[in-house]
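# Coordinates in review
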Amino acid sequence: MGLNLGLIVSALGGELHGDPAQEITGIAPLETATVGQLSFLSHPKYQQQLTHSQAACVIVSTQLRAEAMARGPCILTDEPYLYFARLTQLWKKTQHIRHKNQPNIHPSAVVDPEAHVHHSARIGALCVVERGARIGADTELKPRVTVAENCVLGMRCLVHSGVVIGSDGFGFAPHDGAWEKIEQLGAVRIGDDVEIGANTCIDRGALDDTVIEDGVKLDNLIQIGHNVRVGKHTAMAGCAGVAGSATIGAHCTIGGGAVVLGHLTISDGVHISASSVVTRSIAQPGHYTGFFPLDDNARWEKNAASLKQLASLRERIRSLENKLKTLDSP
Amino acid sequence: MGLNLGLIVSALGGELHGDPAQEITGIAPLETATVGQLSFLSHPKYQQQLTHSQAACVIVSTQLRAEAMARGPCILTDEPYLYFARLTQLWKKTQHIRHKNQPNIHPSAVVDPEAHVHHSARIGALCVVERGARIGADTELKPRVTVAENCVLGMRCLVHSGVVIGSDGFGFAPHDGAWEKIEQLGAVRIGDDVEIGANTCIDRGALDDTVIEDGVKLDNLIQIGHNVRVGKHTAMAGCAGVAGSATIGAHCTIGGGAVVLGHLTISDGVHISASSVVTRSIAQPGHYTGFFPLDDNARWEKNAASLKQLASLRERIRSLENKLKTLDSP
Amino acid sequence: MGLNLGLIVSALGGELHGDPAQEITGIAPLETATVGQLSFLSHPKYQQQLTHSQAACVIVSTQLRAEAMARGPCILTDEPYLYFARLTQLWKKTQHIRHKNQPNIHPSAVVDPEAHVHHSARIGALCVVERGARIGADTELKPRVTVAENCVLGMRCLVHSGVVIGSDGFGFAPHDGAWEKIEQLGAVRIGDDVEIGANTCIDRGALDDTVIEDGVKLDNLIQIGHNVRVGKHTAMAGCAGVAGSATIGAHCTIGGGAVVLGHLTISDGVHISASSVVTRSIAQPGHYTGFFPLDDNARWEKNAASLKQLASLRERIRSLENKLKTLDSP
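Residues numbered from 1 in each chain as written. Chains lettered and ligands numbered in written order. Predicted model: local features only at pLDDT ≥ 70, side-chain atom pairs only at ≥ 80, totals over all residues. Heavy atoms only, no water.

Moving on, we come to the overall build of chain A. Broken down by element type, chain A carries 6 helices and 36 strands. Summarising its shape, the C-alpha atoms of chain A cover approximately 85 × 65 × 35 Å along the three principal directions. Here chain A, with 330 residues, has 59% of them falling under the buried criterion. A fraction of 19% describes how many contacts in chain A between residues 6 or more apart in sequence connect residues 24 or more apart. Placing the 29 positive and 33 negative side-chain charges of chain A at their respective mean positions leaves the two points 4 Å apart. (Helix = DSSP H or I, 4+ residues; strand = E, 2+ residues; numbered from the N terminus. Buried < 20%, exposed > 50% of the residue type's maximum accessible area, 1.4 Å probe, protein only. Contact = heavy atoms within 4.5 Å. Lys, Arg positive; Asp, Glu negative; His and termini not counted. Charge placed at Lys NZ, Arg CZ, Asp CG, Glu CD.)

In structure tokens, the structure reads:
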């Protein structure tokens, strides 16, 4: 089933300049869009690409009304990037209509009779949902996801392939040079509208639960330790790791490969750069960074060697300052 | 089935002050424990929480006998954290008794007829155990684990969902600008009492085996390269990576996201901080660290820019020192 | 079935000095090879091990003809490491002949009727291949691999257990403090002779495809974001992460745990050290590094503290230089 411009604006709003009957064959970036495709200008800095785009129609900010209309057919909207996002959703829905008659629980999935799966939830092939687990309305598990005992997902969550929810937290008591297992008796509680990327792991709590609040977005290969709490609408990029019992506020962003150590508290609105290590609690919203800047290897080697003497270099500067003071004012 | 205080001390020892018939409904931290729950004080610094805890009973060090008894029912023990660990084990066992009659090999698991699975081992749903693999007594594979050809796990291991044991090591010979595969002919040998976290990978050796010794604890999303050897009771936190042919001693700890480069030897008793990179062998036990300290992004930018000139700053200090020497002693 | 030296040189070439009828029982490093095993000397620096090796035969560079023949049986070749690589392939093939009559698609795999799997491809146990996906000739998926809708793998690829190809890219439009999903409408296109390590994830593109070119080798637990392009014969070590829309050239190497930020372009022939963060495009081939050097924790603490004042230390040096200039030339 196709989409035309008229159907799009009747579903998503916006001010259409162009033929409502124009069929749309796809969505593409400005530069590569061909005749028949719909494109969008998300940021004024790409304005130059607008003029030359061959797209059938372009989604543009109302602020660029004149430029857009000079080019040709367009949909004007206050938030073109948001409009684009919703268009992708509409597009996907249209494309997938014919596949809707698949069973909601794939026959190869292993769902415990004591698990609670909402009738509108979809459980992909080869998933495992253990007893006591709860999967909310319209939540989708892609293939090969594990939801372990008593873990709870809210509504409209999307969980990608390979995710493990409810593995044991990493808890051991040292004893005679070995490690005594602390059984992880808590579970994982995930709110509504949470997306969890491929092969990400969320450990169950030791006594209480690990909690992921509404609207959180986790990318792939992320590690969330036991008893962590991630606040609403926080987003984390791939390969990030959050150690046990850390509390991360709402509306934070955590960059790829960043590490948050255990038992810390990070306030709302904190942004951590990629590959940075958070070693102390952060009470102030803001942007925090800590990684070694990339350099040509030879220069890095020299600077890295000097870095190992930095504290003594500082002493030498102090000593120079003192000597100079003596010389200066004898 | 419930647990009462009498059953607990008869199983785990300790000096009970309180009613042995008191039923326990759960285990909880001091601050949140409600009437009926058992709690523990693992460290004297939380002593203040003891006084106000509503727990039915608290596990406390014998050193705090007076304080504990002043509050009310308690179990006194020399090692309260260890006691707590064992209590969680006892608790879990009690809770799970009714589920014990599940088959040891889940019918959805794919176990090769030429694999050797001990009759007491448990293989979870949708696991794959390839031919020649050996799974020891009382070892448990959670759902969706792969144990590839000829890999061996000892007794009482716990392997979490998504783990891959015996994937090929990353070995290629460069040839005409491309990579020629080196088939990985070794396997993985894992000792007794090893725990392996969700989605962790342990590669098979190139010629010899990759070896994980007894009592090693690996958290989630860890990468262990081919021919690595990890010594007894070493623990690694999530997202750590160990490159090929590294040898890590016994009783080490490797922090989250840390990287150990290939072909290195790390002695027993070495502790590596999170996100640190080990680039040379370490012969001395101790605590080693190497990550850029987190800072406000603007300050980080300034310091990072200066860092790229650190070697030349060092030269400038030396030059200043020389000049000052000349001035000082003309 | 066994291999003897004669069969080996007739398959792989090289100049044999020794008995062609000598049976080979295995391949082993020089130091541990026992009588009956074949070994190799890949680098002249291990020459000392040659003399004492008990191997039945050793693969050696023609440059070390005299030394090799003085020891005993050998195969002389211009590229002993490449020869070794091919020997491992020959060895594996010989060992696996008897298992060849397994079905190409494991009965437990879930392959959509609208997926296209070449008749010579092998799909392991508990894999999921979704509709529209294409698996090329002689490509092998190990157990528990996901290839999502419309993703394409070329010929002779090897995909290890737990890999997820075609999970959604991480794309959201911010809206009223929450995140609006951007459906990921592209796919993943993977060339020929690509190897993908265990639990690695490759996200589908937002509009266009994510592309992995011929001969690329990815280790375990790597994250490849949406719309990334990785050029021919580039190799990445474990735990590396490449953020969305980055373009990496051909013949690059990316070290373990390294991070490449989004929308960057890295030219051909760039080598990134382990745990380094690439924050800008790199136009020049070369070796680039950026990680904090490991140190004893106490020294690291001192240096890290000083690092937070580095920009001001630089100012103090400048100020000292100025003062000294004034003193020097009054």
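Additional details are given in the paragraphs that follow.
For the rest of this paragraph, the subject is the domain arrangement of chain A. Segmentation of chain A into domains returns domain 1 (3-99), domain 2 (110-288) and domain 3 (298-328). In this structure, domain 1 of chain A and domain 2 of chain A have C-alpha centres spaced 36 Å apart. (Domains from an automatic or database assignment.)

So, on to the relation of the copies chain C and chain A. Each copy superposes on the other: chain C lies on chain A with an RMSD of 0.1 Å after a rotation of 120° and an axial shift of 0.0 Å. Such a turn and shift between the copies fits a three-fold axis. Residue F292(C), judged by its C-alpha, is the member of chain C lying nearest the rotation axis, at 3.4 Å. (Least-squares fit on C-alpha atoms with pLDDT ≥ 70 in both.)

Time to look at the interface of chain C and chain A. The interface of chain C with chain A comprises 71 residues on the first partner and 70 residues on the second. Both sides together, the interface formed by chain C and chain A hides about 5800 Å², and carbon and sulfur atoms give 65% of it. Broken down residue by residue, the surface that chain C buries against chain A is led by F170(C), W179(C) and L207(C), which jointly contribute 11%. Applying the counting criterion to the chain C and chain A interface returns 4 salt bridges. (Buried area = accessible area lost by both parts, 1.4 Å probe. Salt bridge = Lys/Arg side-chain N within 4 Å of Asp/Glu carboxyl O.)

Below, the discussion takes up the interface of chain B and chain C. Chain B puts 71 residues into the contact, and the matching count from chain C is 70 residues. Interface area, chain B with chain C, both sides summed: about 5800 Å², of which 65% is carbon and sulfur. The three residues of chain B that bury the most area against chain C are F170(B), W179(B) and L207(B), which together make up 11% of that side's buried surface. Counting every contact that joins chain B to chain C gives 4 salt bridges. Across the salt bridge formed by R316(B) and E321(C), the nearest N and O atoms sit 2.7 Å from each other. The tally of links between chain B and chain C comes to 28 residue pairs in polar contact (both at pLDDT 80 or more). Of all elements in the fold, only strand 17 (164-167), strand 18 (172-175), strand 19 (178-181), strand 22 (201-203), strand 34 (277-278), strand 35 (286-289), helix 5 (297-307) and helix 6 (310-328) of chain B reach the threshold of two or more residues within the side of chain B that touches chain C. Looking at the side of chain B that touches chain C, the element that brings in the most residues is helix 6 of chain B, giving 8 residues. The residue makeup of the side of chain B that touches chain C, split by class, is 38 nonpolar, 18 polar and 15 charged. In the sheet, strand 35 of chain B pairs with strand 36 (residues 295-296) of chain C via 2 bridges, with the strands oriented antiparallel. By the bridge assignment for strand 36 of chain C, T289(B) is matched with D295(C). (Polar contact = N/O pair within 3.5 Å; in protein donor to acceptor, adjacent residues only side chain to side chain. Nonpolar A, V, L, I, M, F, W, Y, C, P; charged D, E, K, R; others polar. Pairing = 2+ DSSP bridges.)

Once that is clear, we can look at unusual backbone geometry. As a rule of thumb, non-glycine residues mostly have phi less than zero, and peptide bonds are mostly trans rather than cis. The residue N227(B) is not glycine, and still its phi comes out positive at about 65°. Mapped onto the fold, N227(B) is located in the loop between strand 25 (223-224) and strand 26 (229-230). The backbone of R156(C) shows a phi angle near 55°, a positive value even though the residue is not glycine.

In this section: the pairing of strand 7 (residues 74-77) of chain C. All names here are of chain C. Where burial is concerned, the two faces of strand 7 agree: the one with C74 and L76 and the one with I75 and T77 are both buried. Examined bridge by bridge, strand 2 (residues 15-17) and strand 7 share 3 bridges and lie antiparallel to one another. Directly across from H17, in strand 7, lies its bridge partner C74. One ladder, built from 4 bridges, connects strand 6 (residues 57-61) with strand 7; its direction is parallel. Among the inter-strand pairings, V60 is bridged to a residue of strand 7, identified as L76. Crossover strand 6 to strand 7 through helix 3 (residues 65-71) is right-handed. (Right-handed = clockwise from strand over helix to strand, strands pointing away.)

One open sheet accounts for 10 strands, arranged 36(A)-35(C)-33(C)-30(C)-27(C)-24(C)-21(C)-16(C)-13(C)-10(C); its pairing is mixed. Of all strands in the sheet, those with a lone pairing partner are strand 36 (295-296) of chain A together with strand 10 (122-123) of chain C, marking the two edges. Strand direction decides the pairing type here: strand 21 (residues 195-196) of chain C and strand 24 (residues 217-218) of chain C, joined by 2 bridges, are parallel. Directly across from I196(C), in strand 24 of chain C, lies its bridge partner L218(C).

This part covers the packing of helix 1 (residues 5-12) of chain A against helix 4 (residues 80-96) of chain A. Residue and element names in this part refer to chain A. For the pair helix 1 and helix 4, interaxial distance at closest approach is 11 Å and the crossing angle is 115°. Judged by the angle between their axes, helix 1 and helix 4 are roughly perpendicular. In the crossing of helix 1 with helix 4, the sense of the turn from one axis to the other is right-handed. Residues I8, V9, A11 and L12 of helix 1 form the contact with helix 4, whose participating residues are Y83, R86, L87 and L90. Along the lines of polarity and charge, the residues of the contact of helix 1 with helix 4 split into 7 nonpolar, no polar and 1 charged. (Axes fitted to C-alpha atoms, helices over the stretch in contact; angles between N-to-C directions. Parallel < 35°, antiparallel > 145°, perpendicular 65-115°, else oblique. Left-handed = near helix turned anticlockwise from the far one by under 90°.)

What follows deals with the sheet that holds strand 25 (residues 223-224) of chain A. With parallel pairing, the 9 strands of this open sheet are ordered in space as 8-11-14-17-22-25-28-31-34 (chain A). With one partner strand each, in any of the chains shown, strand 8 (110-111) and strand 34 (277-278) of chain A form the two edges of the open sheet.

With that settled, consider the pattern of salt bridges. A side chain with one charge may pair with a side chain of the opposite charge, provided their charged atoms come close. Residue and element names in this part refer to chain A. Applying the stated criterion to the full structure yields 42 salt bridges over all chains. Residue E140 pairs with K142 through a salt bridge whose shortest N-O separation is 3.9 Å. One salt bridge in this structure joins R156 and D193, with 2.7 Å as the shortest N-O distance. One end of the pair, R156, is in the loop between strand 15 (152-153) and strand 16 (158-159); the other, D193, is in the loop between strand 20 (188-190) and strand 21 (195-196), and 37 residues separate them in sequence. Via salt bridges that share partners, R122, E140 and K142 belong to a single interconnected network.

For the coordinates displayed, the defined rule picks out 21 aromatic pairs over all chains. Ring centres of F170(C) and F172(C) lie 5.2 Å apart, and the angle between their planes is 80°; on these two criteria the pair is classed as edge-to-face. Using a relative accessible area of 24% as the deciding quantity, one classes F170(C) as partly exposed. An aromatic cluster of three or more residues is present, and its members are F291(A), F292(A), W300(A), F291(B), F292(B), W300(B), F291(C), F292(C) and W300(C). (Phe/Tyr/Trp six-rings, centres within 6.5 Å; stacked < 30°, edge-to-face > 60°.)

Glancing now at the side chain of T210(C). Residue and element names in this part refer to chain C. With respect to the element layout, T210 can be found in strand 23 (residues 210-212). Residue T210 is classed as buried on the basis of its relative accessible area, which comes to 0%. In terms of polar contacts, T210 uses its side chain to reach the backbone carbonyl oxygen of D203, at 2.7 Å. Apart from residues lying up to four places away in sequence, T210 is in contact with A187, V188, R189, I202, D203, R204, G205, I224, G225, H226, N227 and V228.

For the rest of this paragraph, the subject is the state of the cysteines. Residue and element names in this part refer to chain B. Considering all chains together, one arrives at 0 disulfides over all chains under this definition. Not part of a disulfide, C127 finds its nearest cysteine sulfur in C157, a span of 14 Å. Distance from the sulfur of C157, which forms no disulfide, to the nearest cysteine sulfur (C151) is 13 Å. (Disulfide = S-S within 2.5 Å.)

With that out of the way, let us pick up helix 4 (residues 80-96) of chain B. Taking 1.5 Å of rise per residue, 17 residues should cover 24 Å, and helix 4 of chain B covers 24 Å from first to last C-alpha, within 8% of that figure. Taken together, the buried positions of helix 4 of chain B are P80(B), L82(B), Y83(B), F84(B), A85(B), L87(B), T88(B), L90(B), W91(B), K92(B) and T94(B). (Expected span 1.5 Å × (residues − 1).)

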